Every structure is written in structure tokens, then in C-alpha cells.
Amino acid sequence: MPASKKILFLAGDGIGPEVMAQVRRVMDWLNQTGRTAFEVEDALVGGAAYDAQGTPLHDDTVALALAADAVLLGAVGGPKWDASLPFELKPERGLLRLRKDLELFANLRPAMVFDALAEASTLKTELVSGLDVMIVRELTGGVYFGQPRGISALPNGERRGVNTQVYDTHEIVRVAKVAFDLAGKRGKRLCSVEKANVMESGLLWREEVTKLGADYPEIALSHMYADNCAMQLVRQPKQFDVIVTDNLFGDILSDCAAMLTGSLGMLPSASLGAADAAGNRRAMYEPVHGSAPDIAGQDKANPLATILSFSMMLRYSFDLAEEADLVDNAVRGVLAKGLRTGDIFQPGKTLVGTTGMGDALLAEMAQLAN
Ligand SMILES: NC(=O)c1ccc[n+]([C@@H]2O[C@H](COP(=O)([O-])OP(=O)(O)OC[C@H]3O[C@@H](n4cnc5c(N)ncnc54)[C@H](O)[C@@H]3O)[C@@H](O)[C@H]2O)c1
């Protein structure tokens, strides 16, 4: 019997519940076929939580998240709450609090191109076909959080805006460890990205990553300046396996890499925290897209980004590589068969809805498993 694992489902708003329902079917199939023993708990987040509980994230939900082996989140937000609510009650605050309370310091953003969708990229098909890059972004430090910060008045009548890039050794080492470990489970190549030529924080970053590299002789470590990395990502993206970088550069480079894939409805992500003594990490998995209020409730949403986020959970929280491969290969299979939700539709393909995509995926999984 596989060990029982507790998953917290936070479906959220808009298309969140619709795409999460399809993940639930995939998870039920894995349980029913004896591959996994997941126990699911459901709770509210975002606007749905505000409506029912008066806050975008209730303390009880934080407690559930802390007690779970992993959290899967749909999406939050929507016009119903955007305009009317004060800043601290907005749906997005629920998400930010969750990331903070779980101390999720490493954000994993894969940019994967499924061959069947390679033509959707703005780059030439041969440059992106088969692309599989993982960007690991430091999420809780750097210039977005460093002190001093603020806008002040100067004696000469001008104003000054200040933000400070700060990294301490432990912040660099813990995110770099995540990246080295990931590279070990993938192509065994890690590229560390900073601007050591002009920034002291970048110099420290490079020194610490290099030092840590001695513990990972099987990983080929390289270093690159962030400006060059931006160029290389659009010039020759397949040269990369895993990239690790700071909060600011990671923000920009992960969006750049994501767009190489050409479709928001296909992009998963993970945010990881510290490992406990047994090696288990706090972790939250979620699609990159938002709550898509324009198509919510119409069975039009692409569930694949959320299903691929679940596959990351299988791989990175539970070491279930075989099951994760099964899910990924089923996604590849349904795309190869020409099934498309509206967001990735091309003439000549078969248009399906959210549930139809879920049906096809389950059928594909069953076929692949035989
Ligand atoms: N992590 C999150 O929960 C998250 C992220 C981004 C935006 N948001 C929130 O979502 C709301 C809408 O934001 P937005 O419109 O800027 O971004 P969005 O990602 O929700 O939608 C952008 C466009 O992409 C389409 N789209 C997105 N996901 C799709 C999917 N799975 N299948 C098919 N089409 C899809 C939408 O229909 C829309 O046209 C806002 O309230 C925003 O604050 C939440």
C-alpha cells in the first residue's frame, strides 16, 4: 500500500473550481488504481473565502495548509472583489499570506513546449520544439523586500525612490540547494544567473553557489549574467536545463521563458519551502494563469496547467516520478490527438471543453497504463 498523503485543495475563484475538479478526477483515478493514497481536504481562498468567512484566507485554512503534505491552488480574484474591497481584503492577499506563512522561498516555473503546440510559440518551431527549461526563482528576499526602501523628499525639491537588493548567505544557499537537487532529477545541468560584474549581492551569490557546487560533483554548474541570460533564452533556449536566480531577475526571466511556450493555459508552477528532518518540504502548486473571469462557469477553461501543477506535486513533493510521467505523457497524448480547449485551438483541431479535456486525459492515462 502506498503511504497516505494529505493534500489541501484550495479551488479559489473564477475558473479555479472548474480546473481543480479535473485534477480531482486524475487524483481519484491514481487512488483507485492503487498507485497513490491521497486524502483530500477542501478549503476556501480568495474572493470565495471573503464571501463565506469575511477574509481572503481564514486562520483555520492556514492551519490546514501547514498540516498538509502539499497544497494545490486553483486561482483567485475577479471583478466582483477587485473594485469594492480594501487592499488587505482583496483575494490576492490570501495567496500572498499563504506563500508567506508557509515560508515558500523557491518558486519553480517550468517552460515546457509540447511538440503538438510548438507552432504556438513566437519563436521558430525548431528553436522551441521539445523545450524543457526549469527556472528556480528566489521568492522571499532581494530587492522586493530589502531595507531601506521608500520615497523621500530631498532638500532640493526633488524626490528619491529607494529599494535595496540584499541577500544573506543562508537565503542564497537554500534556494541553490533546491536548484541543485532539481537538476539532479533532470538533465544534471544548472546555470546560476546574477550580475556579479556590477552588483556585490551578485558576487556573493556566485561565490556561495560555486561553494555549494562542490557538494554536487554530478551537476555541471555554469554561471551567466542576467542580461546575457535574457538574450540566450530567446536565442537558443534549449541550451538550458535548470536556471537559478534571484527574485527580481527570476520574475523577469521566468515570464520571458514562459512565453516561449505560447500558451498561458499550459503553464504550471510550484513554490517550495524548507525541508524538515525527514526531508519533506512545505509546498504549494498552482497554475500560472489567473481566475479568467471572462470564461468562468462556461466549461471553456483549459485544465492542463493545473493538471501539470499536480504532476509537479507528484514529482517534487512525493518522488512519484512514474506517476508524474504518466500524467505528463497523457497530456502529450491528448494534444497529439488534436484535442484543444479554446485558448490553444488551431484550425483543423478538435475543440473540447474543460470536462471534455478531463475525459480525454483520463482515457489516455488508462490506455498508457495498460
Ligand atoms: N495566481 C492567481 O490566482 C492569479 C494570477 C493572475 C491573475 N489573477 C487574478 O485573476 C483575475 C483575472 O486576471 P487576468 O485576466 O489578468 O489574467 P487571467 O490569467 O485570469 O486571464 C488572462 C486571459 O487568459 C485566459 N485564460 C487564463 N487562463 C486560462 C485557462 N486555463 N484556459 C483558457 N483561457 C485562460 C483568460 O480567459 C483571459 O482571456 C484578476 O482578478 C487577477 O487579479 C490571479
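Scroll up to find the structure this text is about.
I will try to describe carefully the structure that is included in this document. All values derive from a computational prediction rather than experimental measurement.

1. A short note on the pattern of salt bridges
Line of reasoning, step 1. Per the stated rule, a full pass over the model turns up 17 salt bridges.
Line of reasoning, step 2. With its nearest N and O atoms 2.6 Å apart, the salt bridge here joins R25 to D359. Residue R25 is located in helix α1 (residues 16-32), and its partner D359 is located in helix α13 (residues 354-369); the two are separated by 334 residues in the primary sequence.
Line of reasoning, step 3. A relative accessible area of 28% means that R25 is categorised as partly exposed.
Line of reasoning, step 4. By relative accessible area, which is 39% here, D359 ends up partly exposed.
Line of reasoning, step 5. Ionic pairing is found between R186 and D241, a salt bridge with its closest N-O pair at 3.0 Å.

2. Looking at the sheet that holds strand β10 (residues 242-245)
Line of reasoning, step 1. Here we have ten strands laid out as an open sheet, ordered β2-β1-β3-β12-β11-β4-β5-β10-β8-β9, and mixed in their pairing. The open sheet terminates on both sides in strands that have one partner only, identified here as β2 (37-43) and β9 (220-225). Neighbouring strand axes in the sheet, compared pairwise and without regard to direction, differ in orientation by 20° on average.
Line of reasoning, step 2. Against the sheet, helix α3 (residues 59-67) makes contact with β1 (4-12), β2, β3 (70-75) and β12 (281-287), and its axis sits at roughly 145° relative to β1, the strand it touches most.
Line of reasoning, step 3. The strands that helix α10 (residues 247-259) touches are β4 (106-112), β5 (132-138), β8 (189-194) and β10; relative to β5, the one it contacts most, it runs at about 155°.

3. Some remarks on the nonpolar core
Line of reasoning, step 1. Counting 65 residues, the largest nonpolar core has L108, V136, Y285 and F310 as the members making the most contacts within it.
Line of reasoning, step 2. Split by domain, the residues of this core number at least three in each of domain 1 (1-110 + 262-370) and domain 2 (132-259).
Line of reasoning, step 3. Contacts of L108, omitting those with residues within four sequence positions, involve M134, I135, V136, V178, L182, S269, A270, L272, M312 and Y316.
Line of reasoning, step 4. Formed by 21 residues, the second largest nonpolar core is a distinct cluster that contains L123, V128, L131 and I135.

4. Things to note about the packing of aromatic side chains
Line of reasoning, step 1. One pass over the full model with this rule turns up four aromatic pairs.
Line of reasoning, step 2. A centroid spacing of 6.1 Å and a plane angle of 70° characterise the contact between F38 and F310, whose relative ring orientation is edge-to-face. Of this pair, F38 sits in strand β2 while F310 sits in helix α11 (residues 304-316), and the two are 272 residues apart along the sequence. The same class applies to F38 and to F310, which are both buried.
Line of reasoning, step 3. On the numbers, 5.4 Å between centres and 75° between planes, the contact of Y167 with W205 is edge-to-face. Of this pair, Y167 sits in the loop between β7 (159-164) and α7 (169-185) while W205 sits in helix α8 (residues 200-213); the two residues are 38 residues apart in sequence, bridging distant segments of the chain.
Line of reasoning, step 4. For Y167, a relative accessible area of 6% puts it in the buried group.

5. Remarks on the packing of α11 against helix α12 (residues 321-336)
Line of reasoning, step 1. At a closest axis distance of 7 Å, the pairing of α11 and α12 adopts a crossing angle of 160°. It follows from the interaxial angle that α11 and α12 lie roughly antiparallel. For the pair α11 and α12, the sense of crossing is left-handed. Where α11 abuts α12, its residues L304, I307, L308, S311, L314 and R315 lie against A321, E323, A324, D325, V327, D328, V331 and L335.
Line of reasoning, step 2. Tallied by class, the residues present in the contact of α11 with α12 amount to nine nonpolar, one polar and four charged.

6. With respect to the site of the ligand
Line of reasoning, step 1. Taken together, 20 residues lie near the ligand, and E92, G290, A292, D294 and N302 sit nearest.
Line of reasoning, step 2. Contact distances for the ligand include 3.4 Å between an oxygen atom and a side-chain N or O atom of D82.
Line of reasoning, step 3. In this structure, G290 approaches the ligand through a main-chain N or O atom, which is 2.7 Å from an oxygen atom.
Line of reasoning, step 4. Contact with the protein chains hides 68% of the accessible area of the ligand, taken as 800 Å² for the molecule alone.
Line of reasoning, step 5. Across the shell around the ligand, the residue classes break down as nine nonpolar, six polar and five charged.

So, how was this worked out
- Residues numbered from 1 in each chain as written.
- Predicted model: local features only at pLDDT ≥ 70, side-chain atom pairs only at ≥ 80, totals over all residues.
- Heavy atoms only, no water.
- Salt bridge = Lys/Arg side-chain N within 4 Å of Asp/Glu carboxyl O.
- Helix = DSSP H or I, 4+ residues; strand = E, 2+ residues; numbered from the N terminus.
- Buried < 20%, exposed > 50% of the residue type's maximum accessible area, 1.4 Å probe, protein only.
- Pairing = 2+ DSSP bridges.
- Axes fitted to C-alpha atoms, helices over the stretch in contact; angles between N-to-C directions.
- Contact = heavy atoms within 4.5 Å.
- Core = buried A, V, L, I, M, F, W, Y, C linked by side-chain atoms within 4.5 Å.
- Domains from an automatic or database assignment.
- Phe/Tyr/Trp six-rings, centres within 6.5 Å; stacked < 30°, edge-to-face > 60°.
- Parallel < 35°, antiparallel > 145°, perpendicular 65-115°, else oblique.
- Left-handed = near helix turned anticlockwise from the far one by under 90°.
- Nonpolar A, V, L, I, M, F, W, Y, C, P; charged D, E, K, R; others polar.
- Near = heavy atom within 4 Å.
- Polar contact = N/O pair within 3.5 Å; in protein donor to acceptor, adjacent residues only side chain to side chain.
- Areas by Shrake-Rupley, 256 points an atom, 1.4 Å probe, with all protein chains shown as cover.

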